[in-house]
Amino acid sequence: MMNNRDQEILHLIKNPVSREMGFRQLIQTYQKKVYHVIRRMVLIHEDADDLTQNTFIKAYHHIDKFQEQSSLFTWLYRIATNETLSFLEKRKKRFFFSIDDYQEKLESYLSQPGHFDGDQIQLKLQKALLLLPEKQRLVFQLKNQEDLSYEQISEITGTSVGALKASFHHAVKKIQHSILEE
C-alpha cells in the first residue's frame, strides 16, 4: 500500500503548518511519472502539461478524501487517467472530430519534426496505439510502458483484473495486426 515516502508526504500535507511543503514534495515526487502517462495518451506536450497541472490541482482539493487504502502514486494516476479520458472525450465532441479525423490529426502530429524522438519502430507503435480505443490504449500503456501490475491498474481504473487482462490481450493483438499491415 503506502510506502514510507508517501507516509511522510501525507504527514506534511495533513499538518496545516507544513501543508504547502507537503504538496511541493508530492509534485516533485510524482510530476514526471504523471506527465508521462498523460503524454502517452494525448501526445501533445501542451495538453499533457495542462492535464498534469489539473491532476495536481484536483489532488490538492481532494486530498482530505484520500483514504490511504492505496499508494499516493495509484491515487494520482487514477485522477490523471480520469482527467485524460475526460479531456479526450470532450475534445472529440467540442471539435466535432470523427474518430478518423482525430486519429489523422494525432498521426500527423507524430510525423512532424521535433514532436517525436523515437525511431521508426517506435513511430509505428505510437500510430498503432492511436488505433486502439482509449481504455485499451490506457491499459496497454500502464501495463507495458509503465510496468504496473494488473492489480495496480485495477486500482487506478476501477476495472476488474479479468477485464484488464482481456483489454490488454485485445490491445496487443490489434497492435500486432496494425504493425504487420504497414
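Everything discussed here concerns the structure shown above.
Counting restarts for each chain: residues are numbered from 1 in the order of the written sequence. In keeping with the model being predicted, local features are shown solely for residues with a pLDDT of at least 70 and side-chain atom pairs are shown and tallied solely at 80 or more, while totals for entire chains, interfaces and linings include all residues. Side-chain descriptors were evaluated using all non-hydrogen atoms of the structure, hydrogens and water having been removed beforehand.

1. Considerations on the overall build of the protein
No. 1: Working definition: helices are DSSP H or I runs of at least four residues, strands are E runs of at least two. Numbering for both runs from the N terminus. In terms of regular secondary structure, the protein is built from 9 helices and 0 strands.
No. 2: For the protein, with 182 residues in total, the buried portion stands at 44%.
No. 3: Working rule for contacts: check all heavy atoms of both residues, and any pair within 4.5 Å makes them a contact. A separation of at least 24 residues holds for 61% of the contacts in the protein among residues at least 6 apart in sequence.
No. 4: Per-residue and other accessible areas were derived by the Shrake-Rupley procedure at a 1.4 Å probe size, with only the shown protein chains allowed to occlude residues. For the protein, the accessible surface area stands at approximately 10,400 Å², while carbon and sulfur atoms represent 52% of it. When accessible area is computed with a 1.4 Å probe and restricted to protein chains, residues below 20% of their type maximum are described as buried, those above 50% as exposed, and intermediate ones as partly exposed.

2. Examining the packing of aromatic side chains
No. 1: Aromatic rings from Phe, Tyr and Trp, with only the six-membered ring used for Trp, were paired whenever their centres fell within 6.5 Å, and each pair was classed as stacked if the ring planes differed by under 30 degrees, edge-to-face if by over 60, and tilted otherwise. Applying the stated criterion to the full structure yields 6 aromatic pairs.
No. 2: Each ring, one from tyrosine 30 and one from phenylalanine 73, has its centre 6.2 Å from the other, and the planes form 45 degrees; the classification is tilted. On the criterion of sequence distance, the pair formed by tyrosine 30 in helix 2 (residues 19-42) and phenylalanine 73 in helix 4 (residues 72-94) is long-range, its members being 43 residues apart. Taken as a pair, tyrosine 30 and phenylalanine 73 share a single burial class, namely buried.
No. 3: Here the aromatic rings of tyrosine 150 and phenylalanine 168 are separated by 6.3 Å at their centres, their planes lie at 80 degrees, and the arrangement is edge-to-face. With tyrosine 150 in helix 8 (residues 150-157) and phenylalanine 168 in helix 9 (residues 161-181), this residue pair connects regions lying 18 residues apart in the sequence.
No. 4: Assessed through its relative accessible area of 15%, tyrosine 150 is described here as buried.
No. 5: Members of the aromatic cluster, joined through ring pairs, are Tyr30, Phe73 and Tyr77.
No. 6: Here, over-ring charges are defined by two tests on the NZ atom of lysine or the CZ atom of arginine: distance to the ring centre within 6 Å, and angle to the ring normal within 35 degrees. Against the face of tyrosine 60 rests arginine 19, its NZ or CZ located 5.4 Å from the ring centre.

3. Quick notes on the pattern of salt bridges
No. 1: A carboxyl oxygen of Asp or Glu within 4 Å of a side-chain nitrogen of Lys or Arg is what we treat as a salt bridge. Inspection of the entire model under this criterion finds 4 salt bridges.
No. 2: For glutamate 68, the salt bridge is made with lysine 14, and the minimal N-O distance between the two is 2.5 Å. Remark: lysine 14 occurs in helix 1 (residues 4-14) and glutamate 68 occurs in the loop between helix 3 (45-62) and helix 4; sequence separation between them is 54 residues.
No. 3: Given the relative accessible area of 34%, glutamate 68 is considered partly exposed.
No. 4: Overall, lysine 14 belongs to the exposed group, its relative accessible area being 54%.
No. 5: Note that lysine 58 and glutamate 83 form a salt bridge whose closest N and O atoms lie 2.6 Å from each other. You can see lysine 58 sitting in helix 3 and its partner glutamate 83 sitting in helix 4, a full 25 residues away along the chain.

4. Some thoughts on unusual backbone geometry
For residues other than glycine, phi is negative in most cases, and the peptide bonds are mostly trans.
No. 1: At glutamate 68, a residue that is not glycine, the phi angle is positive and equals roughly 60 degrees.
No. 2: Even without glycine at this site, aspartate 147 takes up a positive phi of about 60 degrees.
No. 3: Relative to the helices and strands, aspartate 147 resides in the loop between helix 7 (134-145) and helix 8.

5. Topic: the nonpolar core
No. 1: Here the nonpolar core consists of buried residues drawn from Ala, Val, Leu, Ile, Met, Phe, Trp, Tyr and Cys, with membership extended through side-chain atoms lying within 4.5 Å. Leu26 and Leu72 are the most contacted members of the largest nonpolar core, which has 43 residues in total.
No. 2: Elements with a minimum of two residues in this core: helix 1, helix 2, helix 3, helix 4, helix 6 (120-130), helix 7, helix 8 and helix 9.

6. Some remarks on the environment of arginine 40
No. 1: By the element assignment, arginine 40 lies in helix 2.
No. 2: Taking the relative accessible area as the measure of exposure, arginine 40 reaches 25% and is therefore partly exposed.
No. 3: Through-space distance from the C-alpha of arginine 40 to that of glutamine 145 is 9.3 Å; in sequence the pair is 105 residues apart.
No. 4: If we ignore the near neighbours within four places in the chain, the residues touching arginine 40 are Arg137, Gln141, Gln145 and Glu146.

7. Some thoughts on the side chain of threonine 55
No. 1: With respect to the helices and strands, the residue threonine 55 is situated in helix 3.
No. 2: The exposure class assigned to threonine 55 is buried, which follows from its relative accessible area of 0%.
No. 3: Residues contacting threonine 55, with those up to four places away along its chain left out, are Val34, Ile38, Leu76, Ile79, Ala80 and Glu83.

Remember that the coordinates give geometry; whether it matters functionally is a separate question.
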